[in-house]
Amino acid sequence: MKGYGEEILRMEDIVKTFDLGEGKKLVASDHVNISLHKGETLGIVGESGSGKSTLAKILTRLYPMDSGRILIHGKDIAPLKGEELRQARRNIQMVFQDPSTAFNPKQRVKEIICEPLQNYGLIRKGEVEEKAKEMLRLVDLPEDFANRYPNNMSGGQRQRIAIARALVLKPEIIICDEATSALDVSVQKTIIELLDRLQRETHVAYFFICHDLALANMFCDNMIIMQKGKVVERIHDLREAKDPYSKKLLASIFTIEEGKNKVLPDELFQ
Ligand code: ADP
Ligand code: MG
């Protein structure tokens, strides 16, 4: 098993309630605690509606929370506003399920990839093309994609572009919210392999939201299992599950590959 480093993120006692009107409330995060380490892949698994995406949105501050703390290297980012918040956000980037909706179709790939750098004033116009090519090489796409538009690219290619864009600010954390769920299984495998290689090269940590338990079990170092807004269990391997709900989820999977981190060629793990 690969190693990982110090704790970079701690979400403490996160509570988020949605007001559904007519006095009805839904607790989407019910006192959730999560810890993520440098270079770790943490799976957030659980059935649809269990509160996985809500956690991602709270972490990126897209949703306000009712209470709780979000500590990055021990510093609570929850109360931050304005420029301080903007700077804290640099460290947490996101890759969504459907990259086609995440891109502006009028932007060329080089603009899509370098936009985060431009937003933070970290790149000059004249440097955009070269930087985009460097990032394209990193995600195994041809350099000449830089001047193309994303519309007629495949789902896998677009997801590579989304990953390049997520990495361009050199974040410590990338949230993948069902990032491979819309892809064919064979393409999914190549994206997982890419994420794995990039983690080895950059020590980025993944907050890997996934409803596919078999995939999460293979790819993730650790998993938290969610049900109705609550963390049911924290485990390294699904086969260690003790909680009845986790066991029920486990029973719903037809096959679980032997061993952890076995989705990639064995030679990568020697
Ligand atoms: P998951 O990603 O695990 O499928 P979500 O975090 O998207 O689950 O949703 C958790 C629960 O919160 C669901 O019941 C969902 O309907 C509800 N929910 C999510 N976002 C909102 C919202 N903006 N307003 C009201 N309810 C929401
Ligand atoms: Mg979701």
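Anything mentioned here points back to the structure above.
Residues numbered from 1 in each chain as written. Chains lettered and ligands numbered in written order. Predicted model: local features only at pLDDT ≥ 70, side-chain atom pairs only at ≥ 80, totals over all residues. Heavy atoms only, no water.

Okay, the site of ligand 1 next. For ligand 1, the set of nearby residues contains 13 residues, the closest of which are Gly49, Gly51, Lys52, Ser53 and Thr54. Between an oxygen atom of ligand 1 and a main-chain N or O atom of Gly51, the distance comes to 3.0 Å. At 2.8 Å from an oxygen atom of ligand 1 is found a side-chain nitrogen or oxygen belonging to Lys52. In isolation ligand 1 exposes 560 Å². Once the protein is present, 64% of that is buried. At the level of secondary structure, the elements contributing two or more residues to the shell around ligand 1 comprise β1 (7–21), β2 (24–37) and α1 (52–59). In terms of residue count, the dominant contributor to the shell around ligand 1 is α1 (three residues). In the shell around ligand 1, the residues fall into five nonpolar, six polar and two charged. (Near = heavy atom within 4 Å. Polar contact = N/O pair within 3.5 Å; in protein donor to acceptor, adjacent residues only side chain to side chain. Areas by Shrake-Rupley, 256 points an atom, 1.4 Å probe, with all protein chains shown as cover. Helix = DSSP H or I, 4+ residues; strand = E, 2+ residues; numbered from the N terminus. Nonpolar A, V, L, I, M, F, W, Y, C, P; charged D, E, K, R; others polar.)

A separate point is the nonpolar core. Membership of the largest hydrophobic core comes to 52 residues, with the highest contact counts inside it found for Ile113, Ile161, Ile163, Ile174, Leu195, Tyr206 and Phe208. Residue contributions to this core peak at six residues, all from helix α6 (residues 155–167). Not counting chain neighbours up to four residues away, the residues in contact with Ile174 comprise Gln93, Val95, Ala166, Leu167, Val204, Ala205, Tyr206 and Phe207. Leu9, Leu55, Ile72 and Ala205 belong to the second largest nonpolar core, which has 28 residues in total. (Core = buried A, V, L, I, M, F, W, Y, C linked by side-chain atoms within 4.5 Å. Buried < 20%, exposed > 50% of the residue type's maximum accessible area, 1.4 Å probe, protein only. Contact = heavy atoms within 4.5 Å.)

The buried count for α1 comes to six of eight residues, which makes it a mostly enclosed element. Looking only at α1, the buried set comprises Lys52, Thr54, Leu55, Ala56, Ile58 and Leu59. Positioned one or two residues after α1, Arg61 has a phi angle of 65 degrees, which is positive.

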